[in-house]
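Report on the structure
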Amino acid sequence: MKKKLPVLTVLCLLSLFWSSCANHSSKTAMEPKAPMPYWLQEPFNTDSLQPALVSPVFKNGYILLSQRDEPGLLYLLNAKGTVVWYHQVKGTGFKTAHFTENKTLLCILGSKEYATSYGNEIMELSLKGDTLLHLKKGQQDFINNVHHEVLLSPGNNIVTLSTEERLVDLTARGGGPKDTVRSDGILVMDRKGNKVWQWSVFDALQPVNDKDIIRTRMDWMHANSLSFDKDGNYLISFYNNGQIWKLDAKTGKIIWKFGKGGDFKYPATAAFDMGHSVHINSENNLMLFDNGVSRQLSQTLAFKLNETTKEATVTIQSPIPSYLFNDRMGSAYLVDSNSILQCCSKRNTVILTDRKGTLLWRLRCSFIPYRAEFITKEQLPAFIVN
């Protein structure tokens, strides 16, 4: 005869189950007969501006967006702007999300007490809604806030930007003998949160040598994107000084600086400041979304870099319409050889353009999308795309 569980035990188990469901819920196209909740579609509205010029790659592809407000939401949308998959978390928000080569979603989470793109949790999700990894600040060597970027290394470690603080004597700049300077670093952890490698801006620069340090000391440099170069070294971009650095992934040594006051020559017409989402695109060129604050005009740029001669050739210059000027955040990724998906975060808008900036398609959101990543049909499992 089977033993019955005590009523109190049953109630406790049910409570734990429903608590788990409340914190992490997902729905995918694996359940075709169960319609998506009506409220999922409400934040999105699309316009087909030049439907004849929209490429088949984009029409068949998908867009990854994340919502930073609580409850946090991840969305996969098709080219019609229809939500085909989502994942929701309560009590926190998705500060950034990245689709990995393992067909997973790697994310930074943070509650409303963590501003903009900063957070205290790292989560990896499968597209079936399974939590593959969940690290929280305070575990092992995960002791600082993380922000803006989280990636998988070739060895399946977690690579992220982190906050770094130092007490610095700034009396030479009119400050105090022990002023707090807050800046950025790179933290590589294994999947249990143990530190594998670490680098800090303080390893490369002395704050007292910066003439503007008193004004910028609580957000010095402001790193806002991190990616891998073709040779496996790091590319890190800084909002405050308009530069992109290439760092040796083993020693942390600066290999070169690109941008304002950097090592490369490039046309003045392609000058950029305060860029985001710096990466090597499918054409093997350095690509970025240029906020363009000094000109009040945003654009997408790509450069072919000659690292020997330190010369850069412009391969893409795609201006954003002036009414979509985007002074913070944003992203730009190639869809195919003639299409670019660009995110104008502060305008709550994602656009598809050609290489010259002609608008082909537009998506409006009711929330601020930090980035918009494009994912091809071939990259996703069959239960999503069928």
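Residues numbered from 1 in each chain as written. Predicted model: local features only at pLDDT ≥ 70, side-chain atom pairs only at ≥ 80, totals over all residues. Heavy atoms only, no water.

Check the secondary structure of the protein chain and you find four helices and 27 strands. In summary, the protein chain has a C-alpha radius of gyration of 22 Å against a globular reference of 21 Å for 386 residues, a match within 12%. Across its three principal directions, the C-alpha atoms of the protein chain cover 80 × 60 × 35 Å. Taken across its 386 residues, the protein chain has 52% of its residues classed as buried. Put simply, 51% of the contacts in the protein chain that link residues at least 6 apart link residues at least 24 apart. Accessible area for the protein chain stands at about 17,800 Å²; split by element, carbon and sulfur atoms hold 52% of it. (Helix = DSSP H or I, 4+ residues; strand = E, 2+ residues; numbered from the N terminus. Rg over C-alpha atoms; globule rule 2.2 N^0.38 Å. Buried < 20%, exposed > 50% of the residue type's maximum accessible area, 1.4 Å probe, protein only. Contact = heavy atoms within 4.5 Å. Areas by Shrake-Rupley, 256 points an atom, 1.4 Å probe, with all protein chains shown as cover.)

Attention now moves to the nonpolar core. With 24 residues, the main nonpolar core has F44, F58, L65, L341 and W361 as its most contacted residues. Where this core is concerned, the elements lending two or more residues are β3 (62–67), β4 (72–78), β5 (83–89), β24 (339–344), β25 (349–353) and β26 (359–365). If you look at the next biggest cluster of nonpolar residues, it comprises 22 residues, including V201, F202, W220 and F238. (Core = buried A, V, L, I, M, F, W, Y, C linked by side-chain atoms within 4.5 Å.)

With that settled, consider the side chain of D184. Relative to the helices and strands, D184 is located in strand β13 (residues 179–189). The charged side chain of D184 is buried without a salt bridge, its nearest counter-charge being R182 at 8.7 Å. Polar side-chain contacts of D184 include one of 2.8 Å to the backbone nitrogen of A223. (Lys, Arg positive; Asp, Glu negative; His and termini not counted. Salt bridge = Lys/Arg side-chain N within 4 Å of Asp/Glu carboxyl O. Polar contact = N/O pair within 3.5 Å; in protein donor to acceptor, adjacent residues only side chain to side chain.)

Once that is clear, we can look at the side chain of N326. Relative to the assigned elements, N326 resides in the loop between β22 (311–319) and β23 (331–336). Its relative accessible area of 0% is what places N326 among the buried residues. Side-chain polar atoms of N326 contact the backbone oxygen of R328, separated by 2.7 Å. Those residues in contact with N326 that lie beyond four places of it in its chain are F289, N291, S298, C343, C344, S345, K346 and R347.

This brings us to the pairing of β4. Burial of β4 is extensive: seven of the seven residues sit out of reach of the surface. A two-sided burial pattern is seen for β4, the buried positions comprising G72, L74, L76 and N78 on one face and L73, Y75 and L77 on the other. Pairing of β3 with β4 involves six bridges; the strand directions are antiparallel. Residue pairing across strands places L64 opposite L76, the latter belonging to β4. (Pairing = 2+ DSSP bridges.)

Strand pairs in the sheet, formed through backbone hydrogen bonds, run parallel or antiparallel to each other. Strand order in the open sheet formed by four strands is β19-β20-β21-β22, with antiparallel pairing between adjacent strands. The sheet is open, and its two borders are formed by β19 (275–280) and β22, each paired with just one other strand. When the angles between neighbouring strand axes are averaged without regard to direction, this sheet yields 20°. Summarising the sheet, strand β21 (residues 299–306) and β22 pair through eight bridges and their orientation is antiparallel. By the bridge assignment for β22, T300 is matched with S318. (Axes fitted to C-alpha atoms, helices over the stretch in contact; angles between N-to-C directions.)

This next bit is on the pattern of salt bridges. Where charged atoms of side chains with opposite charge meet at close range, the side chains can pair. For the structure on display, the rule yields 14 salt bridges. The shortest N-O distance in the salt bridge between R371 and E149 comes to 2.8 Å. Placement of the pair is R371 in the loop between β26 and β27 (373–375) and E149 in strand β11 (residues 146–152), with a sequence separation of 222 residues. Judged by its relative accessible area of 7%, R371 is buried. Using a relative accessible area of 5% as the deciding quantity, one classes E149 as buried. The salt bridge partner of R295 is D290, with a shortest N-O separation of 2.7 Å. Through salt bridges with shared partners, one network takes in D229, D231, K246 and E307.

Scored by pLDDT, the protein chain has a mean of 92; 91% of the residues are at 70 or more. In this model residues 1–5 is a low-confidence stretch, pLDDT under 50, and it forms two contacts with partners more than four residues away in sequence or in other chains. Every residue in residues 7–22 is under pLDDT 50, and counting partners more than four places away or in other chains gives three contacts. (pLDDT = per-residue confidence, 0-100.)

This part takes up the pairing of strand β12 (residues 158–168). Along a regular strand, successive side chains alternate from one face of the sheet to the other. Counting buried residues in β12 gives eight out of 11 residues, a clear majority hidden from the surface. Across five bridges, the pairing between β11 and β12 is antiparallel. Within the sheet, the bridge partner assigned to V146 lies in β12 and is S162. What sits between β11 and β12 in their antiparallel hairpin is a turn of five residues, with N156 showing a positive phi close to 70°.

What follows concerns the packing of aromatic side chains. Throughout the structure, instances matching the rule amount to 19 aromatic pairs. Through successive ring pairs, a cluster of aromatic residues spans W256, F258, F264, Y266, F272 and F303. (Phe/Tyr/Trp six-rings, centres within 6.5 Å; stacked < 30°, edge-to-face > 60°.)

Further remarks concern the sheet that holds β11. Pairing within the open sheet is antiparallel, and its five strands lie in the order β8-β11-β12-β13-β14. Each edge of the open sheet carries a strand with a single partner, namely β8 (118–119) and β14 (195–200). When β13 meets β14, the two strands line up antiparallel, connected through five bridges. Counted as the bridge partner of I186 is W199 from β14.

Each neighbour pair has its own omega, and for E70 with P71 the value is -5°, a cis peptide bond. Note on placement: P71 falls in the loop between β3 and β4. Unusually for a residue other than glycine, S277 sits at a positive phi of about 50°. Mapped onto the elements of the fold, S277 is located in strand β19. Using a relative accessible area of 2% as the deciding quantity, one classes S277 as buried.

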